[in-house]
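The residues making up each chain are set out below.
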Amino acid sequence: MHLPEFLQVKRDRGAHDPGSLRAFVAGVADGSVPDYQAAAWLMAVCFAGMTDEETAVYADALAASGDRLDLGDLPHTVDKHSTGGVGDKTTLVLAPLLAALGATVAKVSGRGLGHTGGTIDKLEAIPGYRATVDREAFLRQAHEVGVVVSGQSQRMAPADGVLYALRDATATVASLPLIAASVMSKKLAGGARAIQLDVKVGRGAFMTDLAQGRELGRLMRVIGERAGRSVGVTLSSMEQPLGRTVGNALEVREAIDALRGGGPDDLRELVIALASDLLHASGLDGTPERVAAALDDGSAYERFVRWVAAQGGDLDRSDALALAPDASDLTAERSGVVAELDALAFGRAVRQLGGGRAAKGDRIDLGVGIRLHAKIGDRMSAGDPVATLLHRGGHGLGAAHAVLSGAVRIADAAEPAPLVLGRA
Ligand code: URA
């Protein structure tokens, strides 16, 4: 292919034919497209966009650049993806819950970056948990336990890995078709027949605006449906952290509470909404009552224990889900009702404490984090603790408190914030 001509099509706001788009992505994967031409194309897409048809072909080409999981003979395969949030431990609850209700969750998850957390980091707060599972063991566990969650291999959608790194370096991440295709390429390669996308909207999310979140959800649904998958999209608020904990070990503890029928109301509400939609999409009974019962009767928790054990995790070890030993409160400056709890600031504060990454590959402290004692709509008196920061010997504590100054707003009155904002 003649790359300057290909680039000219997008520069002039034209649409690529499927063949040239596929050849371009194949060239990115095999290194024959140099970074400068790939970066020029990404920037052109940021300005000119892509049609739905182009976006779907591009996503499929990214998926085709590497290994695809064949989950063919497993029953009711489901997957869920969140666009990234603060305190979002949903997968830890949802995956075993769905397995307990008859679905198969054979899932590839990511690590946290920036102010958002990642499921694989959270799971590594359980000593022994193996995030790297070879294909044979992955499929065997999917058959035997109904749930397996592993880290992403370099061989899955490798063209997306190359292009994502270029996007990061060239300010071309923020394009809806590029984001939608990037996310969906990994879901398509993951092989599940029903996919539920949890698009987070709000100040702690990628999408700060509901209309943008809806459009991202729509695009991802189009990509999935053109590839023959059933795709549901939930739009959920990320104005405040989800649940009452932010930080890896803390979040696993909270997820376990939810799996035993307790835990915070918002986490439970979101898990039940996502599970219901996915079960319906898979032809299983997904009434909210049935889903809630699996949390309350211990069957979801029992599946969680089996899943973690199958991947080598030992919840009984004395260092399991160990928390940082030191605590510092953030207190309410005045009496009133909590009106804002800035999710972005809480995510950044945990990163300052050492619980998140500034760059890919950074080591993180799984025991630090923040416990929230209040959520939006709760009444507080001046001096009450709004949150407790768990830290290690003061490391990052000053910076964390600085990030949180202004993160909590208390007003005379405020309504609890809605969690599920809609479906796209
Ligand atoms: N997550 C991804 O995998 N890709 C994007 O482009 C953005 C978020």
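Shown above is the structure to which this text applies.
The structure contained in this document is the topic of the report that follows. (Residues numbered from 1 in each chain as written. Predicted model: local features only at pLDDT ≥ 70, side-chain atom pairs only at ≥ 80, totals over all residues. Heavy atoms only, no water.)

All right, on to the sheet that holds strand E13 (residues 420-423) then. Two orientations exist for strands paired in a sheet by backbone hydrogen bonds: parallel and antiparallel. Spatial strand order, E3-E2-E1-E4-E5-E13: six strands in an open sheet with mixed pairing. Edge positions in the sheet fall to strand E3 (147-151) and E13, since each of these pairs with one other strand and no more. Averaged over all pairs of adjacent strands, the angle between strand axes in this sheet comes to 20 degrees, irrespective of strand direction. Of the strand pairs in this sheet, strand E1 (residues 77-82) and strand E2 (residues 104-109) are connected by two bridges, and their pairing is parallel. What sits directly across from Thr77, in E2, is Thr104. Along the sheet, helix H9 (residues 176-190) makes contact with E1, E2 and strand E4 (194-201), crossing E1 at roughly 160 degrees. (Pairing = 2+ DSSP bridges. Helix = DSSP H or I, 4+ residues; strand = E, 2+ residues; numbered from the N terminus. Axes fitted to C-alpha atoms, helices over the stretch in contact; angles between N-to-C directions. Contact = heavy atoms within 4.5 Å.)

Of all the residues in helix H7 (residues 135-145), the buried ones are Phe138, Gln141, Ala142 and Val145. Axial view of H7: buried residues confined to an arc of 105 degrees, hence all on one face. Along H7, the residues that are exposed and aim more than 90 degrees away from the buried face are Glu136 and Glu144. Where H7 is buried, its residues touch helix H5 (90-100), E2, E3 and helix H14 (299-310). Backbone geometry just after H7 places Gly146 at a positive phi near 85 degrees. (Buried < 20%, exposed > 50% of the residue type's maximum accessible area, 1.4 Å probe, protein only. Arc of directions from axis to C-beta.)

Scanning the model with the defined rule gives two cavities of 30 Å³ or more in all. Residue lining of the largest cavity: 24 residues in total, with Thr116, Gly117, Val350, Gly355 and Gly356 positioned closest to the centre. Looking at the lining of the largest cavity, the elements with two or more residues in it are helix H6 (119-123), helix H11 (248-259) and helix H15 (343-355). Ranked by residues supplied to the lining of the largest cavity, first place goes to H15 with four residues. Of the residues assigned to the lining of the largest cavity, the class counts are five nonpolar, 13 polar and six charged. Each of domain 2 (77-310) and domain 3 (326-411) gives at least three residues to the lining of the largest cavity. In this structure, the second largest cavity occupies an estimated 50 Å³ of space. Lining the second largest cavity, in full, are Asp79, Lys80, Thr91, Leu94, Ala95, Leu98, Val105, Lys107 and Leu278. Elements that contribute at least two residues to the lining of the second largest cavity include exactly E1, H5 and E2. (1 Å grid on protein atoms, 1.4 Å probe; cavity = no way out; pocket = protein on both sides within 12 Å on 5 of 7 lines; lining within 4 Å. Points joined across faces, edges and corners; volume = space filled by probe spheres on them. Nonpolar A, V, L, I, M, F, W, Y, C, P; charged D, E, K, R; others polar. Domains from an automatic or database assignment.)

What follows covers the side chain of Ser182. Here Ser182 is to be found in helix H9. Judged by its relative accessible area of 3%, Ser182 falls in the buried class. Ignoring sequence-local partners within four residues, the contact set of Ser182 consists of Leu62, Asp160, Tyr164 and Arg167.

Glancing now at the site of the ligand. As a matter of local geometry, the ligand sits amid Tyr164, Arg167, Ile179, Ser182, Val183, Lys186 and Phe206. One nitrogen or oxygen atom from the side chain of Ser182 is found 2.6 Å from a nitrogen atom belonging to the ligand. In the model, an oxygen atom of the ligand is placed 2.5 Å from a nitrogen or oxygen of the Lys186 side chain. For the ligand, whose free accessible area comes to 240 Å², the fraction covered by protein is 84%. For the shell around the ligand, the secondary-structure elements that each account for two or more residues are helix H8 (158-170) and H9. Ranked by residue count, the leading element in the shell around the ligand is H9, at four residues. (Near = heavy atom within 4 Å. Polar contact = N/O pair within 3.5 Å; in protein donor to acceptor, adjacent residues only side chain to side chain. Areas by Shrake-Rupley, 256 points an atom, 1.4 Å probe, with all protein chains shown as cover.)

On to the nonpolar core. Core analysis: the largest hydrophobic core is formed by 79 residues, its most contacted members being Leu97, Leu98, Phe304, Trp307, Phe346, Ile370 and Leu404. The leading source of residues in this core is helix H12 (residues 265-281), at eight residues. Both domains that meet at this core, namely domain 2 (77-310) and domain 3 (326-411), each give it at least three residues. With residues up to four places along the chain from it excluded, the contact list for Phe304 reads Leu92, Pro96, Ile126, Val252, Ile256, Leu259 and Leu315. (Core = buried A, V, L, I, M, F, W, Y, C linked by side-chain atoms within 4.5 Å.)

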